[in-house]
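# Fold and contact review
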Amino acid sequence: MASRQAACDPCRTSKLACDHSRPVCTRCQARGRPSDCTYRATPFKRRRQSSRPPLETHTSTHSAHTHASSSPASRLPSAAPTGPSPYPNPGYQGFSSHATLFNHIPTDGLEETPAASPTSTSPSRPGRTHSLPGPPPGLRRTPSADLVRRGADTLAQLFSVYNLDTLKSLVSFWLEKGISLFLAEPIVPACLDTVRRPSAQQHQHLSELLFATTARPLDSSQATDAQTFAHQFTGEHHTRWETWAIFFTAVGRATFDIPFFPPLYKDSAGQMALRKFATLISDQCLDYCLALDCLNDLQLVLQVENCILHSNVDGDQSYDAWRRLGDCIASLYALGYHQKIETRLPEVPFFLAEFRRSAFAHIYSADKNVAIFLGRPPRISRRFCHFQSPLFFEANENDAPSVATAPAEGDDDIEAIRTWFSWDPNTPIIYRSECRWAAMCAALKEEILELLNDRRAPDCLQRARAVQARAEAQWAALPPHFKLQSNSLKHHVTTMASATTTPTASATPDPFSLTAAQHSATPAAMTAVVPVGRTTSAFERDFLASVRLNYLHVLFLQRLVFMNSFAEPDARMVELSEAILELVVDVVLMRDRLANSGTNLSWKVTYYGLPAVGILLLAIVRRHKTTSGSILNSHSGQATAPTAAPPVNQSKVLRHLIVLVAELETGTLAKPDEPNYGLVSTATETIQGFLNSVQLMGGGGGGGGGSKGPAVGPSYTGEASEATG
């Protein structure tokens, strides 16, 4: 009987047949890796299990999104855990942690040093406002052989389903439209150039390379510029799992803005299949990154972009998108970017500080907006954060703060006082501009949420008026070319023959490649005020609409504080709702002439438009009850004379509702196979039912008080409504 022969280590690990040739088996020779072909001295003897358990086994915090088994994405492998971790990455540790206390213990005997003085009132933070290096190379978490194999299987599977060059053509076409990923915009082209298809025999080698480079910390020292920083995760020998994930995230996002791309899809079914496939690849790559426990700037950006993709793919109400936003918040805290991001030597270069401020501003604003949309508590409190936003404008130190920029009582942060409303008048219309404005509005929304939760406080109405004053001051301080002065975009559409050289997202210089001095010296010609009727950029038009909708939404939420019930909206609330509805309908009608500047069409309609529609329908119901002569008192059960109903331009409102319903029914926002369809269809049925009731009652005419569709602005004081609120 022939004796048993042992397989070499690579064949045994891969569970493949080995021909036992020595010194190198045929399979290892064919793979071009003869040095790896080794044989164990005692191959059939079981290794003794250690009595000491491993310190930690890290599993991915993200699970791959499950799709139908018929989808190409369903055939991809899931992430596997890494080997035991000898040293976890602690991340940022704040003032209450033992690490901060230990930093104050003198290390040179008992002689005190200035940094360790026990009389210091502000504990010094450890250097955690940069990418955390984690453990030294010898103690870093290494991927298991099984995880590397799964990575290779993922690469082999994705190359077998779609042609990589065709996917790159899709992303290139998408970028040419002036659209890109929100935070990763500066690095998407580099990621696009980096991803390449390996030969059929190199998937294992590429997987090993990706894990090795992903585990390598990113250098964020002051000497690093944007190009050097990007070289650490782009190029043939520096590509990382994050690089591939960002590319496939861009593929998934491109399918929303490009309805037909014949080389890849010709109908909605093919479009949806590619979208889900790209989403799962992005998830898989993100899981591999998280398994290594090497959190850094690039990984945070990937998490944010992955979360945005899931909100589009799974729907704005999905739990998965909500959970992934929580993961972004957790990473933000772990990196310490909720604390002040230093820009002075030797902390961090300017471009990277802008990058991190953008990440904080976006996650902060997304937390508030999603919490409001779903009616849930926000998960980031400004009380525990140093509020910061991109496009930092350093005002003159001798300038005294105006009344509009006066800080809240007890706020001694002079830097915040100087820069809260400060905008460089030459600020270009780019993603970071929308990001900063959204964060400023989100800070006001957080205050409004606190007021709505504490309406019995004696100073509640006074604080609500202060919020309104700050909102109007923020709007007034915006650069003129940011402000849409009416509730319509029609005047900002021109033909190509009359187009001017207005700034667009793609024409703007790469902001992350500028130094602080260069940033403040951006030429005014790049951002000249665009006169009405001269705007030609689809990105700009969407930007103008988004900025105004966010401002109107702050005022809308602020009015909720003065309302006794939703069934009794006051005149100011009706005015705001009419303005929001008019602009939302205009955005829907002009959707083909807009480019996503930060929020998509579905979000604008569901987040801004539907609440405004609800208020207007309630106002019309109240007006009908008022004209009927009496209403039923819910407490006494007796008919009583109703209070005066607020004026409603009913004919104009009904016209807008008819247009909105018609667009929603044709699948403008969501088709039956898309996740937001349930949300949109339910709202459409409610509005359509109301319109049918109005038609049966013979309504639809009359001005309801002669309202003329006001242009809401900072001139309003609202004292009359507040007196009755």
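Treat the numbers as computed from the prediction; the structure is a model and nothing was measured. (Residues numbered from 1 in each chain as written. Predicted model: local features only at pLDDT ≥ 70, side-chain atom pairs only at ≥ 80, totals over all residues. Heavy atoms only, no water.)

## Brief notes about the overall build of the protein chain
- A tally of helices and strands in the protein chain yields 23 helices and two strands.
- Excluding contacts between residues fewer than 6 apart, the proportion of contacts in the protein chain whose partners are at least 24 apart in sequence is 79%. (Helix = DSSP H or I, 4+ residues; strand = E, 2+ residues; numbered from the N terminus. Contact = heavy atoms within 4.5 Å.)

## Comments concerning the environment of Ser 381
- Within the secondary structure, Ser 381 sits in the loop between α13 (350-374) and α14 (414-419).
- For the pair Ser 381 and Asp 367, spaced 14 residues apart in the sequence, the C-alpha separation amounts to 9.8 Å.
- Dropping the residues within four chain positions of it, Ser 381 is found in contact with Tyr 333 and Glu 446.

## What about the packing of helix α4 (residues 145-161) against helix α10 (residues 268-291)?
- Where α4 contacts α10, the axes come no closer than 12 Å and their chain directions differ by 160°. What the angle tells us is that α4 and α10 run roughly antiparallel. As for how α4 packs across α10, the hand of that crossing is left-handed. Between α4 and α10, the contacting residues are Leu 147, Arg 150, Gly 151, Thr 154, Leu 158 and Val 161 on the first element and Phe 277, Ile 281, Gln 284, Tyr 288 and Ala 291 on the second.
- Here the contact of α4 with α10 is composed, by residue class, of seven nonpolar, three polar and one charged. (Axes fitted to C-alpha atoms, helices over the stretch in contact; angles between N-to-C directions. Parallel < 35°, antiparallel > 145°, perpendicular 65-115°, else oblique. Left-handed = near helix turned anticlockwise from the far one by under 90°. Nonpolar A, V, L, I, M, F, W, Y, C, P; charged D, E, K, R; others polar.)

## Side note on the packing of aromatic side chains
- Evaluation of the coordinates by the stated rule reveals 22 aromatic pairs.
- Between Phe 182 and Tyr 431, the ring centres sit 5.6 Å apart and the planes meet at 70°, which makes this aromatic pair edge-to-face. You can see Phe 182 sitting in the loop between α5 (164-176) and α6 (188-194) and its partner Tyr 431 sitting in helix α15 (residues 431-452), a full 249 residues away along the chain. There is no split in this pair, since Phe 182 and Tyr 431 are both buried.
- Centre to centre, the rings of Trp 603 and Tyr 607 are 4.6 Å apart; their planes meet at 20°, and the pair counts as stacked. Of this pair, Trp 603 and Tyr 607 both sit in helix α20 (residues 601-628), four residues apart, roughly one helical turn.
- Exposure remark for Trp 603: the relative accessible area of 11% places this residue in the buried category.
- Judged by its relative accessible area of 2%, Tyr 607 is buried.
- Put simply, the rings of Phe 373, Trp 603, Tyr 607 and Tyr 608 touch in pairs and so form one group of aromatic residues.
- Across the ring face of Trp 322, the terminal group of Arg 376 is positioned such that the distance to the ring centre comes to 4.8 Å. (Phe/Tyr/Trp six-rings, centres within 6.5 Å; stacked < 30°, edge-to-face > 60°. Buried < 20%, exposed > 50% of the residue type's maximum accessible area, 1.4 Å probe, protein only. Lys NZ or Arg CZ within 6 Å of the ring centre and 35° of its normal.)

## Quick word on the environment of Lys 177
- Take Lys 177: it is sitting in the loop between α5 and α6.
- Ignoring any residue separated from it by four or fewer positions in sequence, one finds Lys 177 in contact with Asp 257 and Ile 258.

## Notes on α10
- In a regular helix each residue adds 1.5 Å, so 24 residues correspond to 34 Å; α10 covers 34 Å between its end C-alpha atoms and thus fits that length.
- Among the 24 residues in α10, 19 count as buried, and that is most of the element.
- Note on α10: the residue one or two positions beyond its end, Asp 293, has a positive phi of about 55°. (Expected span 1.5 Å × (residues − 1).)

## Description of the confidence of the model for the protein chain
- Per-residue confidence for the protein chain gives a mean pLDDT of 76, with 68% of residues at or over 70.
- No element of the protein chain has a lower mean pLDDT than helix α23 (residues 719-724), which averages 37, and none a higher one than helix α9 (residues 241-257), which averages 96.
- Across residues 47-75 the pLDDT falls below 50, and counting only partners more than four positions away or on other chains, this stretch makes 58 contacts in the model. (pLDDT = per-residue confidence, 0-100.)

## Section: the pattern of salt bridges
- Summed over all chains, the structure comprises 21 salt bridges.
- Among the ionic pairs, Asp 320 bridges to Arg 324, the shortest N-O distance being 3.3 Å. Of this pair, Asp 320 and Arg 324 both sit in helix α12 (residues 319-335), four residues apart, which is roughly one turn of the helix. Accessibility classification places Asp 320 together with Arg 324 in one group, the buried group. (Salt bridge = Lys/Arg side-chain N within 4 Å of Asp/Glu carboxyl O.)

## Focus: the side chain of Asn 676
- Inspection of the secondary structure assignment puts Asn 676 in the loop between α21 (650-665) and α22 (677-696).
- The buried category is assigned to Asn 676, whose relative accessible area is 11%.
- In this structure the side chain of Asn 676 is engaged in a polar contact, spanning 3.1 Å, whose partner is the side chain of Ser 602.
- Ignoring sequence-local partners within four residues, the contact set of Asn 676 consists of Gly 315, Asp 316, Ser 602 and Ala 670. (Polar contact = N/O pair within 3.5 Å; in protein donor to acceptor, adjacent residues only side chain to side chain.)

## Digging into helix α18 (residues 538-560)
- The terminal C-alpha atoms of α18 lie 33 Å apart, and with 23 residues this matches the ideal 33 Å at 1.5 Å per residue to within 8%.
- Of all the 23 residues making up α18, 22 are buried; the element is thus mostly covered by neighbouring parts of the structure.
- The backbone nitrogen of Phe 539 lies 3.2 Å from a side-chain oxygen of the residue at the head of α18, namely Ser 537.

## Quick notes on unusual backbone geometry
- The omega torsion of the bond from Arg 22 to Pro 23 falls at 5°, within 30 degrees of zero and hence cis.
- One non-glycine residue, His 20, lies in positive phi territory at about 65°.
- Position of His 20 among the secondary structure elements: in the loop between α1 (9-14) and α2 (26-30).
- Judged by its relative accessible area of 24%, His 20 falls in the partly exposed class.
- Positive phi is not limited to glycine here, since Asp 293 has a value of about 55°.
- Following the sequence through the fold, Asp 293 ends up in the loop between α10 and α11 (297-313).

## Let's talk about empty space enclosed by the protein
- All chains considered together, the criterion is met by six cavities of 30 Å³ or more.
- Roughly 600 Å³ of volume is contained in the largest cavity.
- Lining the largest cavity are 33 residues; nearest its centre among them are Ile 308, Ser 311, His 362, Ala 366 and Gly 598.
- For the lining of the largest cavity, the elements supplying multiple residues, two or more each, are α11, α12, α13, α15 and α20.
- Here the residues of the lining of the largest cavity are counted per class, giving 18 nonpolar, 12 polar and three charged. (1 Å grid on protein atoms, 1.4 Å probe; cavity = no way out; pocket = protein on both sides within 12 Å on 5 of 7 lines; lining within 4 Å. Points joined across faces, edges and corners; volume = space filled by probe spheres on them.)

## Re the packing of helix α19 (residues 571-589) against α21
- As a packed pair, α19 and α21 sit with axes 10 Å apart at the nearest point and diverge in direction by 35°. Between α19 and α21 lies a crossing of left-handed hand. Contacts between α19 and α21 pair Glu 578, Leu 581, Glu 582, Val 585, Val 588 and Leu 589 from the former with Lys 652, Val 653, His 656, Leu 657, Val 659, Leu 660 and Glu 663 from the latter.
- Here the residues of the contact of α19 with α21 sort into eight nonpolar, one polar and four charged.

## A word on the state of the cysteines
- Under the definition given, this model contains zero disulfides.
- Cys 18 takes part in no disulfide bond, and the closest cysteine sulfur to it belongs to Cys 8, at a distance of 3.9 Å.
- Since its relative accessible area comes to 12%, Cys 18 is described here as buried. (Disulfide = S-S within 2.5 Å.)

## Section: the environment of His 20
- A C-alpha to C-alpha distance of 6.9 Å links His 20 and Ala 6, two positions 14 residues apart in sequence.
- Apart from residues no more than four positions distant in its own chain, His 20 is found in contact with Gln 5, Ala 6, Ala 7 and Tyr 39.
- In this structure the side chain of His 20 is engaged in a polar contact, spanning 3.1 Å, whose partner is the backbone oxygen of Cys 18.

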